[in-house]
Amino acid sequence: MTEAPTARKKGLFIRTYGCQMNVYDSERMADVLRPLGYAPASTPDDADMVIVNTCHIREKASEKVFSELGRLRDLKAQKRQAGDDLVIAVAGCVAQAEGAEIMRRQPAVDIVVGPQAYHRLPEMVARAARAAASRRPGTMKGAGVLDTEFPVEPKFDHLPAPTTVSGGSAFVSVQEGCDKFCTFCVVPYTRGAEYSRPAAAVIAEARGLVAAGAREITLLGQNVNAWHGAAPDGSTWTLARLIAALAEIEGLARIRYTTSHPRDMDAALIAAHRDVPALMPYLHLPVQSGADRVLEAMNRGHGRDHYLRLVDQLRAARPDMALSTDIIVGFPGETDGDFDDTMRLVREVGFAAAFSFKYSARPGTPAAMMARQVPEAVRDARLQALQALLGEQQRRFNGALTGHTVPVLFQEAGRKPGQLLGKSPWLQSVHADGDARLLGQIVDVRIVAAHAVSLSGEIVAGDFASTRTAAAKPIEVAA
Ligand code: SAM
Ligand code: SF4
């Protein structure tokens, strides 16, 4: 799509909360609004339109959204006094779950758009503009345009393909939604049923991104390894086959995928970690709990042993495989013994990184109605103990790389002048002094110091290096 030559430049500020899928969606919203003359603004003050792209996973998420909307309402009032305007839009999972409530509680909001309707944003902006033209002077009311339908036609067919790449790394959304209905989670209600994009669309988008400078592509999905898309030959591929096809794109050096579910980790995908050199030796595989009875109450559809078997198989396929995970503590009914099982599982696996959460009841989910909710103080204590162990494992994992030379994809300027920031194959952040021309390139770096969540290194070579040279032996992290 090309920009209309007459369109006046307008500022667009997008505030993104939550996961990488939201980051990807925010970029797509910016792309779909570009032909209307919207260009990135650095602050809401400089913007003609602000989109708050929300996440419903965290506790008090909607309260935070309402306080942000209150601030935007004040900004809109100031702008209207000065003869300007501000279009306020709310997107993402809170928009999907609480769209009507948002319109009722904050009437200054113009647009509420659910995750399946982003391709219809231009039409919604036009409706908001028509409403603004017929508005009574002095009113603070927004346009009241709401679209939280789950349309039959997939939004991906209607969104422009991403065209810009910064720092050599790009995301491609391949799968959306979830049919698994874990009892604690809102995603199946806010993102709808599982949908897999066809392989040809994914490959075309990846080719375009590599042509625009991507050396690394991360495939995204709420259940990315449940992907099963229509293949160019009319068959259905699984994720392993898609990864093999992407690995053939010349210039694409790194492939990642997130987030995976243990139930969908099939033999072919495990084998891909052995057979596809571009597939990075790092996997985010949420376990949620180490206790079978909690996993069952969560409706995860797998037990502790299944998870541990997968870890063994992955490490057999790729000895330097690093794992990260998500863990919830204090799920309703979780006993001290259950929590000990989680700590034992963490010790047994040895994670390179992890996200750990206190269980928080999400309205409308089955777990919110379960008896035996765990007291706040107990959840706090368990989270603290778990995070101490995970932090120790992460420090040990990072420390094991000191003195090794690893290939780093430099993605952005570091905080200090002359410093670059990049990622190792195991997704660690690596700082090194270097020329900005190395941004977007994979460069050998000798690690000289390890910190809690990052590494410092010195560039030793400017040529491209194999990811397999860095860790000839497995990296030990198990406590
Ligand atoms: N699809 C992924 C999976 O199956 O693991 C995770 C998706 S969810 C967006 C990200 C993480 O948020 C989950 O893995 C879980 O640990 C956490 N989470 C989701 N709902 C939660 C809740 N009600 N309380 C605490 N943590 C929660
Ligand atoms: Fe939520 Fe479970 Fe689906 Fe993950 S698999 S998105 S945790 S319902």
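For the structure itself, consult the block above.
Residues numbered from 1 in each chain as written. Chains lettered and ligands numbered in written order. Predicted model: local features only at pLDDT ≥ 70, side-chain atom pairs only at ≥ 80, totals over all residues. Heavy atoms only, no water.

Caption draft 1: A look at the overall build of the chain. Tallying secondary structure elements over the chain gives 12 helices and 21 strands in all. Taken against the 2.2 N^0.38 rule, which gives 23 Å for 479 residues, the C-alpha radius of gyration of the chain at 23 Å falls within 12% of a compact globule. Oriented by its inertia axes, the alpha-carbon framework of the chain measures out at about 70 × 55 × 50 Å. The buried share among the 479 residues of the chain stands at 54%. (Helix = DSSP H or I, 4+ residues; strand = E, 2+ residues; numbered from the N terminus. Rg over C-alpha atoms; globule rule 2.2 N^0.38 Å. Buried < 20%, exposed > 50% of the residue type's maximum accessible area, 1.4 Å probe, protein only.)

Caption draft 2: Representation of the site of ligand 2 within the structure. The immediate surroundings of ligand 2 are formed by Cys178, Lys180, Phe181, Cys182, Phe184, Cys185, Val187, Pro188, Asn223, His261 and Arg300. Of the residues in the shell around ligand 2, the class split is 7 nonpolar, 2 polar and 2 charged. (Near = heavy atom within 4 Å. Nonpolar A, V, L, I, M, F, W, Y, C, P; charged D, E, K, R; others polar.)

Caption draft 3: Molecular detail of the site of ligand 1. The full set close to ligand 1 counts 15 residues, and Phe184, Gln222, Gln288, Asp326 and Ser360 are the nearest of them. Take Gln288: an N or O atom from its side chain is 2.7 Å from an oxygen atom of ligand 1. In the environment of ligand 1, an oxygen atom lies 3.0 Å from a nitrogen or oxygen atom belonging to the side chain of Arg300. For ligand 1, whose unbound accessible area comes to 560 Å², protein coverage reaches 90%. Taken together, the elements giving at least two residues each to the shell around ligand 1 come down to β15 (322-329) and β16 (353-358). (Polar contact = N/O pair within 3.5 Å; in protein donor to acceptor, adjacent residues only side chain to side chain. Areas by Shrake-Rupley, 256 points an atom, 1.4 Å probe, with all protein chains shown as cover.)

Caption draft 4: Quick look at the sheet that holds β16. Judged by pairing direction, the sheet is parallel, and its 3 strands sit side by side in the order β14-β15-β16 without closing on themselves. Each edge of the open sheet carries a strand with a single partner, namely β14 (282-284) and β16. Pairs of neighbouring strands in the sheet enclose a mean axial angle of 10 degrees, with direction left out of account. Contacting β15 and β16, helix α12 (residues 376-399) runs over the sheet at an angle of about 175 degrees to β16. (Pairing = 2+ DSSP bridges. Axes fitted to C-alpha atoms, helices over the stretch in contact; angles between N-to-C directions. Contact = heavy atoms within 4.5 Å.)

Caption draft 5: Structural context of unusual backbone geometry. Looking along the chain, the bond that leaves Thr258 and enters Thr259 is cis, with omega of 5 degrees. With respect to the helices, strands and loops of the structure, Thr259 is situated in the loop between β13 (254-258) and α8 (267-275). Here Gln288, not a glycine, exhibits a phi torsion of approximately 70 degrees, which is positive. Phi at Leu427 is positive, roughly 65 degrees, even though this residue is not glycine. In this structure, Leu427 sits in the loop between β18 (419-423) and β19 (429-433).

Caption draft 6: Molecular detail of the packing of helix α2 (residues 61-81) against helix α3 (residues 92-105). Viewed as axis vectors pointing N to C, α2 and α3 meet at an angle of 45 degrees, and their least axial separation amounts to 11 Å. With respect to α3, the element α2 is oriented oblique. Relative to α3, α2 is oriented so that their crossing is right-handed. Residue-level contacts link Ala61, Ser62, Glu63, Val65, Phe66 and Leu69 of α2 to Val94, Glu98, Glu101, Ile102 and Arg105 of α3. In terms of residue class, the contact of α2 with α3 is built from 6 nonpolar, 1 polar and 4 charged. (Parallel < 35°, antiparallel > 145°, perpendicular 65-115°, else oblique. Left-handed = near helix turned anticlockwise from the far one by under 90°.)

Caption draft 7: The arrangement of the pattern of salt bridges in detail. Considering all chains together, one arrives at 29 salt bridges under this definition. One salt bridge connects Arg395 with Glu392, and the closest N-O pair in it is separated by 3.7 Å. In this pair, Arg395 and Glu392 are both assigned in helix α12, 3 residues apart and thus about one turn of the helix distant. The exposure class of Arg395 is partly exposed, given its relative accessible area of 43%. Of the residues examined, Glu392 reaches a relative accessible area of 33% and is grouped as partly exposed. Here the salt bridges share partners, and the residues they tie into one network are Lys358, Glu376, Arg379 and Asp380. (Salt bridge = Lys/Arg side-chain N within 4 Å of Asp/Glu carboxyl O.)

Caption draft 8: Fine view of the side chain of Glu68. For Glu68, the position within the fold is in helix α2. Among the residues examined, Glu68 registers a relative accessible area of 4% and is labelled buried. Those residues in contact with Glu68 that sit more than four places away from it in its chain are Arg15, Tyr17 and Val52.

Caption draft 9: Summary view of the packing of aromatic side chains. Evaluated as defined, the whole model comprises 3 aromatic pairs. Look at Phe181 and Tyr189: their rings are 5.5 Å apart centre to centre, the planes differ by 75 degrees, and that puts the pair in the edge-to-face class. Pairing Phe331 with Tyr359 gives two aromatic rings, centres 5.5 Å apart and planes at 70 degrees, and the pair type is edge-to-face. Of this pair, Phe331 sits in the loop between β15 and α11 (336-349) while Tyr359 sits in the loop between β16 and α12, and the two are 28 residues apart along the sequence. The ring of Trp237 has Arg241 lying over it, and the distance from NZ or CZ to the ring centre is 4.2 Å. (Phe/Tyr/Trp six-rings, centres within 6.5 Å; stacked < 30°, edge-to-face > 60°. Lys NZ or Arg CZ within 6 Å of the ring centre and 35° of its normal.)

Caption draft 10: Seen up close, the layout of surface pockets. Each pocket or cavity is described by its volume, and for the second largest pocket that value is around 380 Å³. At the level of elements, α1 (20-33) and β7 (169-173) are the ones that each hand at least two residues to the lining of the second largest pocket. Per-element tally for the lining of the second largest pocket: the top contributor is α1, with 6 residues. Classifying every residue of the lining of the second largest pocket by side-chain character gives 8 nonpolar, 5 polar and 4 charged. (1 Å grid on protein atoms, 1.4 Å probe; cavity = no way out; pocket = protein on both sides within 12 Å on 5 of 7 lines; lining within 4 Å. Points joined across faces, edges and corners; volume = space filled by probe spheres on them.)

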